[in-house]
Each structure stands twice: as C-alpha cells, then as structure tokens.
Amino acid sequence: MDTLTALRLANPKLSRFSPMSRIIAFDDFDDGFCGYTHLVGNYEHTLDAMLPGYAQHTHPQLSNLANWESGTHGAFDGNYALKIQTRPHRGAQNVALKRLTFREPGPIRLEFYFTFKPEANELRLSETDVRSVGFLYDLQTGYEEGGTRVMPHVRFLNALDGKHVQKWQTKSRTTAFRPLGTEGKTVTHYHLAPTDWEDLKNGEQKLCYNEIPTKVNWHYVRYDFDLRTMRAMSLQCNDRHWDMSGVDPIVIPAMRNLWCMLNICFFAEADSDKRAFFYLDSVCLSGEFA
Amino acid sequence: MMRQCVTAVVSRNELWSGKAASEPYECGWAGEAIVWLRCLGAVKGKPGAAKVRVQISPDGMRWVDEGTKFRFPAKEGAIVHARLTNFGNFLRVVADMPKGASAKVLLTLTLKE
C-alpha cells in the first residue's frame with residue numbers, strides 16, 4: 001500500500017471514500033453547507049421570467065433527520081446531512097448544487113453517501129412517495145476546445161405513478177432553449193423535465209429502504225467521468241457496478257459565459273403529494289491530475 | 001471556529017393568498033434567526049390587513065405559533081422583519097390573507113449559530 005492510500009485509510013472521515021489522487025472537494029455537512037446552494041433559474045428584469053420548474057426550488061437545509069415518533073436519526077457520521085426538500089405535490093422537484101470550474105480536463109470521481117424518504121405524515125411505509133433522487137454535472141469545455149456544454153444526468157427512479165420501480169436511469173436530451181428578456185444575454189432550458197429519461201442497462205437495484213418511513217439507511221454512490229472526452233466511465237451504488245461508457249450525456253452548444261464550468265447538482269422528485277427528502281451525508285469530488 | 005451564518009431564501013416570488021404558509025425550514029443548528037418578508041408586488045385587495053405569524057414545530061409537520069406577529073408588507077418593496085431565538089428545529093411563516101387579497105413575497109431567513 002502506498003503512503004497516500006495508507007494516510008487516507010487512516011483518516012476516519014476519508015476512509016469510507018476511494019478518491020482519485022487529488023481531492024477537489026470533500027464536503028461533510030456536519031461542517032455546514034460547504035458551498036451547496038439551491039439552483040435558481042435564469043431570469044432577466046423580473047423573477048416572473050423564471051421557468052416554473054426552477055421557480056419551485058428552495059434553499060437546501062442542514063437536517064438532523066428529526067422524526068415525530070423517534071426523534072433525531074442523525075447522519076452517517078455526526079448529526080447533520082444536507083437535505084434537499086421538494087414541495088408537497090406530485091412531480092415537485094428541488095435541486096441543490098455546488099458551482100466550480102476545472103483546471104485540467106481529465107478523469108473525475110464523485111462519491112457520496114445518501115438516503116431519501118418522504119415526509120412521514122402517514123402511518124404507512126410510503127415507499128412509493130419519492131419518485132427519484134439523482135445527480136448531474138453541468139459542464140462546459142474550455143473555450144479552446146471547440147465549445148460544448150455537457151450535462152450527464154443520473155437518477156435512481158424509486159417510484160413512478162405509485163409503482164415501486166427501483167432502477168437507475170440517464171438522460172441524453174434536454175428541452176429546447178428559450179430566450180429570456182430583451183437583452184439577448186440570457187436563455188433557459190429545462191433539463192430536468194420528466195421526459196427523455198432512459199433506463200440504464202441492467203439498472204434495477206433493490207436499495208435498503210427499511211420498514212417504516214422514519215428509519216433510513218445510508219447508501220454509497222461512485223460516479224467516474226472523464227472531462228477530456230466528456231463521457232461517463234462507470235457508476236457504482238453499494239454493491240452494484242455499471243459500465244457507463246455507452247451512455248450519452250446531454251450535449252448542447254457552449255454558452256459564452258460558462259467556460260470550464262464544473263457544477264455538481266443533486267435533485268429530488270416527489271411522486272405523491274408529500275414532500276420528498278433527499279439527504280446527503282457527505283460528498284467527495286476527486287480528480288486524476290498532477 | 002468561526003460562527004456559521006447562512007441566508008436561506010424560503011419563498012421566492014410566491015403569490016400568497018388565503019391561508020398562506022412558507023415551506024418548512026429545518027435550521028436547528030442556528031441559535032438565532034431573522035425572518036424577512038418583502039413584498040415583490042402583484043398586490044391585490046388589502047393584504048396589509050393580514051397578520052403574519054411565525055410558527056415552530058417539533059417535527060416539521062405539526063405547527064404552533066411561536067408568538068411573533070407582524071403586519072404583512074402591503075406595498076411593493078416594503079419589507080418587515082422579526083428577530084427570533086429559541087425556535088427549536090423547524091421554522092415557517094404563515095399569513096391569513098383577507099378575502100380577495102394577494103401579493104408576491106420574498107421570504108428570507110438569516111440564520112446564525
């Protein structure tokens with residue numbers, strides 16, 4: 001074992017991650033929001049111009065997973081997790097993100113520990129009330145590279161129309177761009193529209209859900225992506241692994257303001273008229289560069 | 001450690017009418033909060049007659065009045081605020097808007113350890 005690996009394995013906070021050689025960001029939400037904020041939609045002159053899909057977003061929260069009948073659940077470690085909470089209606093979404101740029105186009109690895117539940121306002125399992133939880137990168141090449149904006153999307157489709165689906169999906173298309181306002185500087189599109197999700201091959205996965213809506217278990221995700229080829233490499237969730245090399249991300253023309261953008265977004269969707277809660281204990285973003 | 005301080009926009013450009021309520025916000029990590037309610041316009045009727053109340057909750061689902069009340073900011077650009085401590089883990093703001101009254105709001109929490 002090399003020294004770097006040994007040092008990381010000896011650090012209890014990092015030992016449960018398998019980062020590439022450079023840690024770009026290690027965000028443990030016991031330390032605060034760590035740069036995660038909510039995705040506010042684009043607008044010009046008036047907030048009324050914001051698309052409804054974005055207007056519904058609210059600020060993430062620091063949660064200790066407090067329950068009405070059992071008290072505080074706590075996070076994977078420490079007390080707090082980042083909570084992304086939807087509004088209480090079917091199809092509602094919310095998105096939290098961290099906005100970075102990259103300094104070298106190469107392989108990056110996103111790892112995080114997560115769980116999800118609906119608001120526990122019924123005395124039943126409620127396993128089909130959360131539609132999905134997922135993540136995406138919002139990326140753009142450096143301006144010398146010809147210019148594409150690339151948005152790989154991944155979600156765990158937990159339930160749809162009341163059916164407990166439990167499978168991973170990806171997306172390679174977004175909606176048409178719409179100009180906003182009158183200055184010709186701002187456009188918008190709705191990449192989290194419910195359309196165009198595609199099943200990941202062999203993407204079914206039975207995640208531990210536990211037996212009442214106030215008990216959670218934490219899950220691990222690892223997602224490898226290459227910023228040079230702008231293609232996904234692999235996905236892991238708990239004990240299951242997928243080759244993602246054949247999965248196309250959303251690719252759209254570059255925008256003039258977004259060079260080298262590296263945004264990490266997490267989102268939740270409700271499948272019933274209950275709030276969906278997507279909890280992140282910690283997130284580690286690492287890369288392979290000198 | 002430096003104290004954490006976070007600004008959370010809880011309701012943005014929402015049209016409040018009837019029995020309006022902000023989404024529950026979990027913030028037990030904070031020892032103090034300032035609630036800011038700003039009128040963004042689209043004023044109809046007489047929203048200024050509405051009493052705005054701060055509510056707290058043991059679980060984010062069952063709500064009781066915290067005791068703080070203020071008048072709804074009835075003109076575009078008007079802003080009201082209230083300082084809070086000892087609010088537990090969950091906060092929200094409710095308003096009983098008079099019949100026919102509505103306005104767009106921006107509800108912001110300034111939270112500090």
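In what follows, the accompanying structure is described. Bear in mind that the values here come from a model prediction, so they are computed numbers and not experimental data.

Examining the side chain of Asp 226 of chain A
All names here are of chain A. Note that Asp 226 resides in strand S16 (residues 219-226). A residue is classified by how much of its surface remains accessible, and Asp 226, at 10% relative accessible area, is buried. Apart from residues lying up to four places away in sequence, Asp 226 is in contact with Gly 106, Pro 107, Arg 231 and Met 233.

Some words on the sheet that holds strand S7 (residues 79-85) of chain B
The strands that make up a sheet pair up through hydrogen bonds in the backbone, lying either parallel or antiparallel. All names here are of chain B. Within the open sheet, the four strands sit side by side as S1-S9-S4-S7. Their pairing is antiparallel. The outermost strands of the open sheet, each flanked by one partner alone, are strand S1 (5-17) and S7. Averaged over all adjacent pairs, the angle separating strand axes in this sheet is 15 degrees, with direction ignored. Sheet topology note: the strand S4 (residues 32-44)/strand S9 (residues 102-112) ladder contains 10 bridges and is antiparallel. Bridge pairing in S9 links Leu 37 to Leu 107.

A closer look at the side chain of Arg 12 of chain B
With respect to the helices and strands, the residue Arg 12 of chain B is situated in strand S1. This buried residue, Arg 12 of chain B, is left without a salt bridge; Glu 14 of chain B holds the nearest opposite charge, at 7.8 Å. Within polar-contact distance, the side chain of Arg 12 of chain B engages the side chain of His 38 of chain A at 2.6 Å. Residue contacts for Arg 12 of chain B: discarding those within four places in its chain leaves His 38, Val 40, Leu 47, Met 50, Tyr 54, Ala 55 and His 57 of chain A together with Val 105 and Leu 106 of chain B.

Section: the interface of chain A and chain B
Residue-level contacts link 31 residues of chain A with 23 residues of chain B. Roughly 2,000 Å² is buried in total at the junction of chain A and chain B, and carbon and sulfur atoms are behind 46% of that figure. At the surface where chain A touches chain B, the tally comes to four salt bridges. When the shortest N-O distance is used, the salt bridge between Glu 23 of chain B and Arg 275 of chain A registers 2.7 Å. Where chain A packs against chain B, one counts 19 residue pairs in polar contact (both at pLDDT 80 or more). For the side of chain A that touches chain B, the elements supplying multiple residues, two or more each, are helix H2 (52-55), strand S3 (61-63) and strand S6 (81-85) of chain A. For the side of chain A that touches chain B, the class distribution of residues is 14 nonpolar, 11 polar and six charged.

Points about the pairing of strand S9 (residues 130-140) of chain A
Residue and element names in this part refer to chain A. Burial runs high along S9: 11 of the 11 residues are buried. Pairing of S9 with strand S20 (residues 261-270), which is carried by nine bridges, proceeds in the antiparallel orientation. Following the sheet pairing, Val 130 is matched in S20 by Ala 270. When S9 meets strand S11 (residues 153-160), the two strands line up antiparallel, connected through five bridges. Residue Gly 134 lies in a different strand from S11, and its bridge partner there is Arg 155. Across two bridges, the pairing between S9 and strand S10 (residues 148-151) is antiparallel. Paired with Gln 140 across the bridge in S10 is Arg 149.

Criteria and thresholds
- Residues numbered from 1 in each chain as written.
- Chains lettered and ligands numbered in written order.
- Predicted model: local features only at pLDDT ≥ 70, side-chain atom pairs only at ≥ 80, totals over all residues.
- Heavy atoms only, no water.
- Helix = DSSP H or I, 4+ residues; strand = E, 2+ residues; numbered from the N terminus.
- Buried < 20%, exposed > 50% of the residue type's maximum accessible area, 1.4 Å probe, protein only.
- Contact = heavy atoms within 4.5 Å.
- Pairing = 2+ DSSP bridges.
- Axes fitted to C-alpha atoms, helices over the stretch in contact; angles between N-to-C directions.
- Lys, Arg positive; Asp, Glu negative; His and termini not counted.
- Salt bridge = Lys/Arg side-chain N within 4 Å of Asp/Glu carboxyl O.
- Polar contact = N/O pair within 3.5 Å; in protein donor to acceptor, adjacent residues only side chain to side chain.
- Buried area = accessible area lost by both parts, 1.4 Å probe.
- Nonpolar A, V, L, I, M, F, W, Y, C, P; charged D, E, K, R; others polar.

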